[in-house]
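# Close look at the chain arrangement
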Amino acid sequence: QVQLVESGGGLVQPGGSLRLSCAASGSIFSVYVMGWYRQGPGKQRELVATISVGGSTDYADPVKGRFTISRDNARNTMYLQMDSLKPEDTAVYYCTANIRDSYNTQANYWGQGTQVTVSS
């Protein structure tokens, strides 16, 4: 059984920084593309950033230049460094990953979400 667990959310003042982590565990054969989504109050879930196995990254326009996505393939872990945070970054952040398990089943998995609140 495969699961994703996020950590690192919390309350931060505008202009501050947070680092989110997402760890994949279970009967994993290989982890492919990973990404972060977020859902703000009263908003639809939106893509924040993605990262390939080789480290190629893509960012949504609102976070370009402020957020950095990275991964540690040896630990099946992904990170999101968030700098210069703004109140509009307030949201529940979800990690997702495309994973092939030990039974050769490939699927998209989601974490439970972690709350990020940017407020003074």
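Keep in mind it's a predicted model, so treat the numbers as computed, not measured.

## A look at the pattern of salt bridges
Where side chains of opposite charge bring their charged atoms close, a pairing between them can arise. According to the stated counting rule, one finds five salt bridges in the structure shown. Where R38 meets D89, a salt bridge forms, and the shortest distance between an N and an O atom there is 2.9 Å. Highlighted residues: R38 in strand β4 (residues 28-39) and D89 in the loop between β8 (77-82) and β9 (91-101), separated in sequence by 51 residues. As far as the burial class goes, R38 and D89 line up, both buried. Beyond isolated ion pairs, a larger network of salt bridges with shared partners links R38, E46, R66 and D89.

## Let's talk about the sheet that holds strand β1 (residues 3-7)
With antiparallel pairing, the four strands of this open sheet are ordered in space as β1-β3-β8-β7. Strands at the two margins of the open sheet, each flanked by one partner only, are β1 and β7 (67-72). Put simply, the sheet's adjacent strands are angled 15 degrees from each other on average, direction ignored.

## Thoughts on the pairing of strand β3 (residues 18-25)
Bridging between β1 and β3 involves five bridges; their strand directions are antiparallel. For Q3, the partnering residue across the bridge sits in β3 and is S25. Summarising the sheet, β3 and β8 pair through six bridges and their orientation is antiparallel. By the bridge assignment, A23 is partnered in β8 with T77.

## Considering the nonpolar core
In terms of nonpolar packing, the biggest core is built from 30 residues, with W36, L80, M82, Y93 and I99 touching the most fellow members. Sorting the residues of this core by element identifies β3, β4, β5 (46-51), β7, β8, β9 and β11 (114-118) as the ones contributing at least two each. It is β9 that contributes the most residues to this core, five residues altogether. The contacts of L80, once residues within four sequence positions are left out, are L18, R19, L20, W36, V48, F67, T68, I69 and Y93.

Rules and cut-offs
- Residues numbered from 1 in each chain as written.
- Predicted model: local features only at pLDDT ≥ 70, side-chain atom pairs only at ≥ 80, totals over all residues.
- Heavy atoms only, no water.
- Salt bridge = Lys/Arg side-chain N within 4 Å of Asp/Glu carboxyl O.
- Helix = DSSP H or I, 4+ residues; strand = E, 2+ residues; numbered from the N terminus.
- Buried < 20%, exposed > 50% of the residue type's maximum accessible area, 1.4 Å probe, protein only.
- Pairing = 2+ DSSP bridges.
- Axes fitted to C-alpha atoms, helices over the stretch in contact; angles between N-to-C directions.
- Core = buried A, V, L, I, M, F, W, Y, C linked by side-chain atoms within 4.5 Å.
- Contact = heavy atoms within 4.5 Å.

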